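# Coordinate inspection notes
Chain by chain, the residues run as shown.
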Amino acid sequence: MAGSKEIRNKIKSVQSTRKITKAMEMVAASKMKKAQDRMRASRPYVGRLFEIMLHIQKANTEYRHPFLVPREQVKRVGAIVITTDKGLCGGLNTNILRTVLNAHRDWKAKGVEVDYVAIGSKGLGFLQRMGGNVVASAVGLGDRPHLDRMVGPVKTLIDKYASGSVDEVYVFFTNFVNTMKQEPRQGRIIPIPRQFRTATGEVRKAEIGDGSWDYIYEPDAQVLLDGIMLRYLEAIVYQAVNENMASEQSARMVAMKAASDNAGKIINELQLIYNKTRQAAI
């Protein structure tokens, strides 16, 4: 049995660890509130913008934007993988990276090549270890995402799709459900799908009839659609990053709370052993 001095040292060590985890829990709780507010504030905008995209798909216009037209054969795809820059957030990154790995294996089994864009250092490191073809990356985004930091890497895949070297573009991120639950999500963003799933899991389609329906374009459809398509892609990726950051802070707060609780249990057990050892020595 360990001596009294060794047990006291262990107790002090665990107490120091608990102070750190408790402080990290409080910091994560503070950041979580701000991240959740940003995420919830941007959801209505992205949802409405997506509905406009669904309407445009059924619009009667002579100009069909390339982002609206599926390609007959898919030989190469692009994937935007959104993860965190830091760890200590439970299984958040593990779950989404497992989803990426499964999708990667499915694409390879079908003979489809993949180009990756990594947003977050954890995803970048994983893709490099996996041997994925990383064409661009953005790391060190901080606690508040800035669109100008993400536009460059994402535009790399957009240009590849426009040039024909990539036939589809997907995004992988963690969707925020509530403080205790975060879900890994994946979905195609180019060509624009005919339906989308909301943050609550509801599948929505364009709410229009089958009759004649269209927008009025001024100055012309091509100029407006070229602009709105880029704005749509920027909004989708920005919202995915917001969802991922809210999930990160929630998962880190829960993980640090669990660590603090476990440290308290260990301290109680060590204190009991210490008291028994001291009593036996007396």
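Everything numeric here is computed off the predicted structure, so don't read it as measured data. (Residues numbered from 1 in each chain as written. Predicted model: local features only at pLDDT ≥ 70, side-chain atom pairs only at ≥ 80, totals over all residues. Heavy atoms only, no water.)

## So, the packing of helix α4 (residues 147–163) against helix α5 (residues 221–281)
The criterion, for reference: Axis definition: a line fitted to C-alpha atoms, limited for helices to the stretch in contact. Angles are taken between N-to-C directions and run from 0 to 180 degrees. Secondary structure elements follow DSSP: runs of H or I of four or more residues count as helices, runs of E of two or more count as strands, with numbering from the N terminus. Working rule for angles: under 35 degrees goes down as roughly parallel, over 145 as roughly antiparallel, 65 to 115 as roughly perpendicular, anything else as oblique. In a left-handed crossing the near helix is turned counterclockwise from the far helix by less than a right angle, and in a right-handed crossing that turn is clockwise. By the convention used here, residues are in contact when the closest approach between their heavy atoms is within 4.5 Å. Nonpolar residues are Ala, Val, Leu, Ile, Met, Phe, Trp, Tyr, Cys and Pro. Charged residues are Asp, Glu, Lys and Arg, and all others, Gly as well, are polar.
Close contact between α4 and α5 brings their axes to 10 Å; oriented N to C, the two are set at 120°. On the basis of the axis angle, α4 is oblique to α5. The handedness of the crossing between α4 and α5 is right-handed. On α5, the residues that touch Leu147, Met150, Val151, Val154 and Ile158 of α4 are Leu230, Leu233, Glu234, Val237, Tyr238 and Val241. For the contact of α4 with α5, the per-class residue count stands at 10 nonpolar, no polar and one charged.

## A closer look at unusual backbone geometry
Cis geometry is adopted by the peptide bond preceding proline 191, which originates at isoleucine 190 and carries an omega value of -10°. If you trace the backbone, proline 191 turns up in the loop between β5 (181–190) and β6 (195–197). Despite not being glycine, leucine 88 shows a phi value in the positive range, around 60°. On the secondary structure map, leucine 88 appears in the loop between β1 (76–82) and α2 (92–109).

## Let's talk about the pairing of β5
Convention followed: In this scheme, strands are said to pair when DSSP sees at least two bridges between them.
Taken together, the nine bridges between strand β4 (residues 168–178) and β5 define a ladder with antiparallel strand orientation. Considered in β5, the bridge of asparagine 175 is made with glutamate 183.

Without other data, these values stay purely geometric and don't point to any function.
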